[in-house]
Amino acid sequence: MIGERTRIALLLAPALAVILVLFGGGLYAALLQSLGYFPAIGMTEPGLDAYRAVLTSPDFLNSLALTVYVAGASTAISTVLAVLLALALRRAPGRISTALFQLPVTVPHLVAAVGVALVVTQTGLGARIAAALGLIGEPADFPALLYDRYSAGIILTYVWKETPFIALIVLAALRGVASELEEVAQTLGANAWQRFWYVIFPAIYPAVVAASLVVFAFTFGAFEIPFLLGQDYPTMLPVTAYREYRSIDLSARPAAMAINVILALLTALFAAAYLRLSRELRRG
Amino acid sequence: MDKRNRSAGIALALAAVLVTTPLLPLALWSFAGEWRFPDLLPASWSLRGWEALLAPGSRFTEAVLNSLVIAAAVTAAAVVIGLPAGMALGTHDFRLKGVVIFIILLPILVPPLASTMGIHLTFIRLGLADTMFGVFLVHLVPTVPYTAIILTSVFAERTGELEEAARTLGAGPWQAFWHVTLPQVAPGVAVAGLFAFLISWSQYILTVLIGGGTVITLPMLLFSAASGTDPVITSTLAVVFALPAVVALLLALRYLNPGNERGFLGVGKVS
Amino acid sequence: MSTRLELRDISHRYRTGERAVSHLTLTAGPGELVALLGPSGCGKTTVLKIIAGLLRPTAGAVLADGNDMTGVPPERRRVAMVFQKPLLFPHLSVAANVGFGLRMRGMGRRETGRRVEQALRQVRMEGFADRRPEELSGGQQQRVALARALVTEPRLLLLDEPFSALDANLREEMRELTKHLHATGDFTTLLVTHDQGEAVSLAERIALLLDGRLQMYDTPEAFYNRPVNRRVAEFFGATNFLEGRISDGAAETPLGRLKLAAPVPPGSATLTIRPEAVRLEAGENSFPARILSAAYLGTQVLYTLEAGSVRLRAAVPPHVKLGVGQRVSARLPAESLWAFSE
C-alpha cells in the first residue's frame, strides 16, 4: 500500500509535468530571452534593456492601449448581452434553442472571424441588406468595419463568440436563484427591475464576474482574430509580439519576449483574480 | 406569465438570428457560383469551392488528415493525463491544492502563445520543431488544463460510496476503478475528450510557430485563404473547419443529459 | 460458514482530530445477530467501515475467528455490507449488480447466472433481473442490494441502517426478510441502527454506543430491565429515577425504605423502574401519591404521580379510571426495581 500523499502526487504528476515543462519551461525561456540571455546569437549579458526599450516605446504603449480597449469593449458588451440572454432563456429552455446558442462556443474563432467578415465587409451581407432597404447605394457607403481604427470587426467577432459562453455560466448560476424568493419580493412590492437588482443580481454576480474575467484574459492574449481582422498599426499585443518575433533582425527577439512576459504577467493576475472569485462562487 | 413567455420567445428568436447571421454567408458562399453586390442571394450555384479543395495539387486532404491525426492524438493524451489529475483534485483534499489548481488553470488564461515562442528555440535544438510530434506536444498545453478541470468537477460529484460497495463485494482497487468508477465517469470523460479535440482542431498559432510551415493543418489553409480574395474557397474551408464543432454539439445533446449544458460547456472555452 | 467476530480495543480518530470511536471491545459469536445501536453521529458507521476494511482504525484490531484482519483489504475479508442507500451500480442491470461480487472473484457466467437467479428468488425479486436500478422502487432496490451482498456467501453481513430510508410498512417487511435470511443463512450479522425498536425486534444481543463508547452489551430484555446506567435507561425510554442509599437489600429513598429483589452492593445508587411496572395499589414498597396529570395512549393511560418532591410515571390499563388531583397509593414491586451506581 502506498501512502495517500504519494498517491495524490503520482496522480497529479503527468498533468503537472506537461504544464510545468511545456508551459512553465516556455515562459522561463521567454523570460531568459527577454533579459537578453540568448547564447544562440551570442547574447550572454543579461539585462533589462529590452524592457526599458519596450516600455518606453510609443508602439508598445499604443498596442497596450488598443489591447485594453478591444478586450474591455468585447468583454463589456458580451457580458451585458449575456446576462440579458440568460434571463430570457431561463424560462424557455428548449433543447433546440440550447443547442443553437451553444454553437458559437464550439465553432472555432477563425470560422467566426471569417463569417463575421463576410457579414460586415463593404460588399458583405450587411451591406447588401442595407442596399436592399435603400439605405446605401455603393459598397463604399457602408461603414468600414474591418481593419478599422475602432477594431469593430474584432469586437463583433468576440461578442458573437463569447456572449453565449458567458450566458451559459450565468444560466447555471441562475438555476441557484430560487424563484420563490422572487415571488416573495414581488409580494413585497418589488418591480421587475428591483427584483433583478436586489434578488437575482447578487446571486449571479460572482459567476458574471468570473466569466467576464475569463473572457477578458482570453481576448487580451488571443492572436488569431486581431491578426486576421485588425488594422496594420497599432496591433494588439499578441500580434505585436509575433511580428517582433518573426522579424528578420534577431535582436528584436528580446523585445518580442519582453512583450510576451508582460502579457503573461498581466493575464496571470487575471487568473489569480478568477481563482479567488470561483472559490467564493463555490462557497456561495 | 404570458407576457414573460412572449418576451422570452422574442429574445430567443433574436438570439437565434444573431447566432446564425455569420454562419449563413459561409454556407451560401461555399456553394455560390455568381454572387454580385447587391444581390441578397447568389445568382447561380456551383461546387467550385469543393472541387478546388479536392483538386490534385491541393493540400486540403493532407491538411485535414494532419489536423485529424494531431487532434486525435492530443485528445487521447489529454484525457489520459487529465483523468488522474481530475481524480486527485476531485476526490482528495490536501495542502497546496489551491496552488495546484492555479498552476493547472494558468495555461487557460495566460496565452500559450507566449510560452510557445519561448520554447521554440529549445524545440529546434531538440529536433522537435517542424514535426507533427512537436505540434502534438504544444497542443497539450491548452488541452490538458481543460481535461483536468472538467474531470475534477466530474470526480468532485462522486462520493466514493459505490466504490466502497464494490470493495465489500470483493472488488480490488483496480477492479473497482475499472468496473465502477470508469463507467460512471464515462460521460464526463467524453465531454473532456470532445473539448480537447475541438481545442486542438481549432489551434492555429501554436501549430504555425512549432510546425513552421512544414506541418500543414486545416486552419493554416483557412488563414491563407481568408487573407486572399476568394470568398468561395474561404467559405468552403470554413464550413469544413466548423464541422467537428457542429458534430460535437449534436453528439453532446444526443448522449448527455439534457439540462446538463453546464457540464458540457460551462467550464471552458474553445479557441 | 459464519464467523466469530472480535473487536479488540478499537479506537478511531478522524483527521480533523474528532474522535469517532473509543476503546471498543465486542465479540459476536458465529451465526449471531447483533445490533449496534446508538443515536446518529455516535460512530456506528465508522465501526462498520472498520470491520469491512474500508477504514483503518487508529488503534485496536479486528479479528475473525481469531485471525487478525486489520491489514486485510476489504475485498479479501468475505464481509458483505448493505448500506443505508441501496448503492446499486446505475450502469448495470439488476442481474449484473447481484452478480458483481461473483464476477469480481472470477466466477464464470453460467454459474454466476444460476446463483444470481437463486439470490433474487430469496429476496423475492425474480423477474426483475433485466431491469435497471432506476426503474425500481426504494424498497426493491434495497432488496436487490441485500441479494447482491448475500450471493457472495459472506461470513459476516454488515447492515448499515438499511431500512431507515423506507416507509414504515416496508421497513417492517424488510426486517422480517432480514430475520428470515439470517435464520436460513450461515453468517454472522451485525446491524447498525438508531432505532431501538428495530434493534430489540431483530437482534439477539444489542451493543449500545453513545459518544463513541460502548455503554452496554446484552440481550434486549436486559436493556429494559437491567440498564447499567442512567443514559442507557433513558435511551430505552426510562423516565422514573430515584436517588437512594443501599444497605441490606433495600434502599433509603425520599419515598421511604424500598426493598430490592436484585442483589446490589451497598452505597449510593440510582433506582429505576419502568412505568408499566408501577402499581396503583397498597402493599410492600408502597407510598401515598397524588395524580398530577393523565395522558390517554390507547392501550394504556400514562399517569404522572407526585409524592413529596418525587415525580414518577405509571402506565396502567385504560379501564382503571382516575382523576387528576386524586390521592392514590402507589407501589414499586421489589422484583421490578433496578438499581445501579454511576
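Residues numbered from 1 in each chain as written. Chains lettered and ligands numbered in written order. Predicted model: local features only at pLDDT ≥ 70, side-chain atom pairs only at ≥ 80, totals over all residues. Heavy atoms only, no water.

Turning to the overall build of chain C, a few remarks are in order. Each helix and strand in chain C was counted, giving eight helices and 19 strands. For chain C, the spread of C-alpha atoms along the three principal axes comes to 75 × 45 × 35 Å. For chain C, buried positions account for 52% of its 342 residues. Counting contacts in chain C only where the partners sit at least 6 residues apart, residues at least 24 apart contribute 66% of the total. Accessible surface, chain C: about 15,600 Å² in total, of which carbon and sulfur atoms supply 48%. Each charge class in chain C was averaged separately, 44 positive and 37 negative side chains, and the resulting centres sit 3 Å apart. (Helix = DSSP H or I, 4+ residues; strand = E, 2+ residues; numbered from the N terminus. Buried < 20%, exposed > 50% of the residue type's maximum accessible area, 1.4 Å probe, protein only. Contact = heavy atoms within 4.5 Å. Areas by Shrake-Rupley, 256 points an atom, 1.4 Å probe, with all protein chains shown as cover. Lys, Arg positive; Asp, Glu negative; His and termini not counted. Charge placed at Lys NZ, Arg CZ, Asp CG, Glu CD.)

It is worth spelling out the pairing of strand β15 (residues 286-296) of chain C at this point. All names here are of chain C. Where β15 meets strand β18 (residues 327-331), five bridges bridge the pair, whose relative direction is antiparallel. Residue pairing in the sheet places R290 in a bridge with R327 of β18. The pairing of β15 with strand β16 (residues 301-307) spans six bridges and is classified as antiparallel. Bridging from a neighbouring strand, I291 pairs with L305 of β16. In textbook terms, the turn of a hairpin is the stretch between consecutive antiparallel strands, and for β15 and β16 this stretch comprises four residues, one of which, G298, has a positive phi near 90°. (Pairing = 2+ DSSP bridges.)

Residues and elements named next belong to chain C. A full pass over the atoms with the stated rule returns 29 salt bridges over all chains. The residue E161 makes a salt bridge to K44 at a minimum N-O spacing of 3.0 Å. Remark: K44 occurs in helix α1 (residues 44-52) and E161 occurs in the loop between β7 (156-160) and α5 (168-184); sequence separation between them is 117 residues. Among the charged side chains, a salt-bridge network with shared partners connects E111, R114, R115 and E153. (Salt bridge = Lys/Arg side-chain N within 4 Å of Asp/Glu carboxyl O.)

Take the interface of chain B and chain A next. With 90 residues of chain B at the contact, the number on the chain A side is 94 residues. Buried area between chain B and chain A, both sides added, is near 8,100 Å², and the carbon and sulfur share of it is 78%. Linking chain B with chain A are zero salt bridges. Across the chain B-chain A interface, the total number found is twelve residue pairs in polar contact (both at pLDDT 80 or more). (Buried area = accessible area lost by both parts, 1.4 Å probe. Polar contact = N/O pair within 3.5 Å; in protein donor to acceptor, adjacent residues only side chain to side chain.)

To summarise the sheet geometry, strands pair through backbone hydrogen bonds and adopt either a parallel or an antiparallel arrangement. Residues and elements named next belong to chain C. Spatially, the four strands line up as an open sheet ordered β2-β1-β4-β5, and their pairing is antiparallel. Only two strands of the sheet have a single neighbouring strand rather than two, namely β2 (19-28) and β5 (67-68). Summarising the sheet, strand β1 (residues 5-13) and strand β4 (residues 59-64) pair through five bridges and their orientation is antiparallel. Of the residues in β4, the one forming a bridge with E6 is L63.

Relative to the helices and strands, L23 of chain B is located in helix α2 (residues 23-30). Note: C-alpha distance between L23 of chain B and F133 of chain B (110 residues apart in sequence) is 33 Å. Dropping the residues within four chain positions of it, L23 of chain B is found in contact with L103 and W160 of chain A.

All names here are of chain C. Spatial ordering of the open sheet is given by β13-β12-β11-β14-β19, a layout of five strands whose pairing is antiparallel. Looking at which strands have only one partner, the edges of the open sheet turn out to be β13 (256-259) and β19 (338-340). Ignoring strand direction, the axes of neighbouring strands in this sheet form an average angle of 40°. (Axes fitted to C-alpha atoms, helices over the stretch in contact; angles between N-to-C directions.)

Once that is clear, we can look at the nonpolar core. Judged by nonpolar contacts, the single largest core of 184 residues is most densely connected at L12 of chain A together with F123, L140 and L237 of chain B. Those residues in contact with F123 of chain B, other than ones at most four positions away along the chain, are L22 of chain A together with L128, A129, G134, L137, V138 and I210 of chain B. Residues A28, I51, L54 and A207 of chain C belong to the second largest nonpolar core, which totals 41 residues. (Core = buried A, V, L, I, M, F, W, Y, C linked by side-chain atoms within 4.5 Å.)

Below, the discussion takes up helix α5 (residues 109-120) of chain A. All names here are of chain A. The first and last C-alpha atoms of α5 sit 16 Å apart over twelve residues, in line with the 16 Å expected at 1.5 Å per residue. The buried fraction of α5 is high, at twelve of twelve residues. Residues H109, L110, V111, A112, A113, V114, G115, V116, A117, L118, V119 and V120 constitute the buried set of α5. (Expected span 1.5 Å × (residues − 1).)

Attention now goes to the packing of helix α1 (residues 4-34) of chain A against helix α6 (residues 112-126) of chain B. It is the contact of α1 of chain A with α6 of chain B, at a shortest axis distance of 7 Å, that shows an interaxial angle of 80°. In this view, α1 of chain A runs roughly perpendicular relative to α6 of chain B, as classed from their interaxial angle. Here V21, L22, F23, G26, L27, A29, A30 and Q33 of chain A of α1 of chain A come into contact with α6 of chain B, specifically with P112, A114, S115, G118, I119, L121 and F123 of chain B. Considering only residue class, the contact of α1 of chain A with α6 of chain B consists of eleven nonpolar, four polar and no charged. (Parallel < 35°, antiparallel > 145°, perpendicular 65-115°, else oblique. Nonpolar A, V, L, I, M, F, W, Y, C, P; charged D, E, K, R; others polar.)

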